[in-house]
Amino acid sequence: MYFRYMNAFYELYASVILFSALGIKKDDVLAINTSESNLEFARILARKAKEATDNGSYLMIITDDKKASEVTEIYSDHIIEKSPTLFVYLMDYEEYEKIEDFSLSLSARKLMEYRQLSNPVNLSLPLLPFATVPLPSKKWSALLGEDENLSSVIISDLLSLGEENPVKANNEIKELISYDLEMLNRNKNRRCHMYSDDGLTDFYFSFDENTSFSSQMLVSKDGRTFIPSIAAQSYFRAIEKNSANGRIHSTGFFMLFGKEFENIDLYYENGKLVSFSSSEELERYFSFYISQDEDASLPAELIVAEENNRFSSIPYFAYPEWDKNRSVHITLGSARCESYCLSEDEEDKIKSPSSLITLSLPLSSSDLFIEVFDDENESQLIFSDGMIENN
């Protein structure tokens, strides 16, 4: 019974990856980067790509010592002469190394292992659609709960794999992303105030003037839309460095150096973090976090996600790219380059913090209000009652 379920799961997951997240076309050639442990799923992807395009796929296997094998071809009737047009990386969920020495400065490689390395500021458009695919595992499930199959359950729930047509369901959400972005970007005002009914969040900042709201649905150089994280339903915009004042009350679960935490209060004056408070353990870990880089503590990005979206029913993913879609977040350290409206020779106009390390802190969405101000100090709500305003 379990094996039949997992076989169906992988078949449906592969379909959503290819036909929704990547938008595979008739003339595409897929390249797959995977460890040997995920080879069976790589074959499912390649077979489905073959059925859609009549082309074989390139396959590169990463060995246990992190070295890449030679590229081979799979499901190909002849030598593939065309270069890859789609790329998939099948991600192993590794156990996190426990921090023993809180005086260390972590390398970029180690930050990447903790999934807290900032994205490089690269303003050029991606050359081709790509996706990083998290696969269910006992290690991932262990971080989520006691059921060793929990990671496959949350993927299935998130991507509507139990519905009659999961690809259609996910493509409909892509249309919703475009609509929400249109609503958020109607107003170009920069000054922003975020506050909660209970008064625990009361936070002022300015957006970087060269930005607008963007999403995890990207556009390649040849105009193809795709979702690198497979699933997305949040919107983000970069915050101007040194513009933050007030208090942030973070609630909800987030991951810091491989550990699950919740609840921290941050206080800012003139863009600088002046104090913070939480549990003793989280204060220790957060102190270690902000010691890594001088910009690590600075608000760098606002993330907006509606309260009733498909992510909100799952309290914790232990996968930052999906956790960022569950509620409103403030990202510390560094913003994503996708919210910038600049060309490659205008990087000097970026005014948001630029840290090697990043952390996104969730705020309760249901009682949160976000308003922006024009030059005459007139305010307009862009988010309230857990919803993006469409007036």
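Residues numbered from 1 in each chain as written. Predicted model: local features only at pLDDT ≥ 70, side-chain atom pairs only at ≥ 80, totals over all residues. Heavy atoms only, no water.

Turning to the packing of aromatic side chains, a few remarks are in order. Enumeration according to the criterion identifies 27 aromatic pairs in this entry. Note on Phe-9 and Tyr-10: the rings are 5.2 Å apart at their centroids and 75° apart in plane angle, and the pair reads as edge-to-face. Accessibility expressed as a relative area gives 3% for Phe-9, which makes it buried. On the accessibility criterion, Tyr-10 (21% relative accessible area) is partly exposed. Ring geometry for Tyr-93 and Trp-140: centres 5.1 Å apart, planes at 0°, overall stacked. On the criterion of sequence distance, the pair formed by Tyr-93 in the loop between strand E4 (86-91) and helix H3 (108-113) and Trp-140 in helix H4 (residues 138-144) is long-range, its members being 47 residues apart. The two residues Tyr-93 and Trp-140 agree in class, both being buried. Sitting over the ring of Phe-102, Arg-284 keeps its end group 3.9 Å from the ring centre. Looking at Arg-336, its charged tip hangs above the ring of Phe-236, at a distance of 3.7 Å from the centre. (Phe/Tyr/Trp six-rings, centres within 6.5 Å; stacked < 30°, edge-to-face > 60°. Buried < 20%, exposed > 50% of the residue type's maximum accessible area, 1.4 Å probe, protein only. Helix = DSSP H or I, 4+ residues; strand = E, 2+ residues; numbered from the N terminus. Lys NZ or Arg CZ within 6 Å of the ring centre and 35° of its normal.)

The subject of this paragraph is the sheet that holds strand E13 (residues 259-269). Spatially, the eight strands line up as an open sheet ordered E14-E13-E12-E7-E6-E18-E19-E20, and their pairing is antiparallel. Looking at strand neighbours, the two that pair on one side only are strand E14 (272-278) and strand E20 (387-388), the edges of this open sheet. In the sheet, strand E12 (residues 245-256) pairs with E13 via nine bridges, with the strands oriented antiparallel. What sits directly across from Ile-248, in E13, is Leu-266. (Pairing = 2+ DSSP bridges.)

Note that every value here comes from positions in space, so none of it alone points to a role or purpose.
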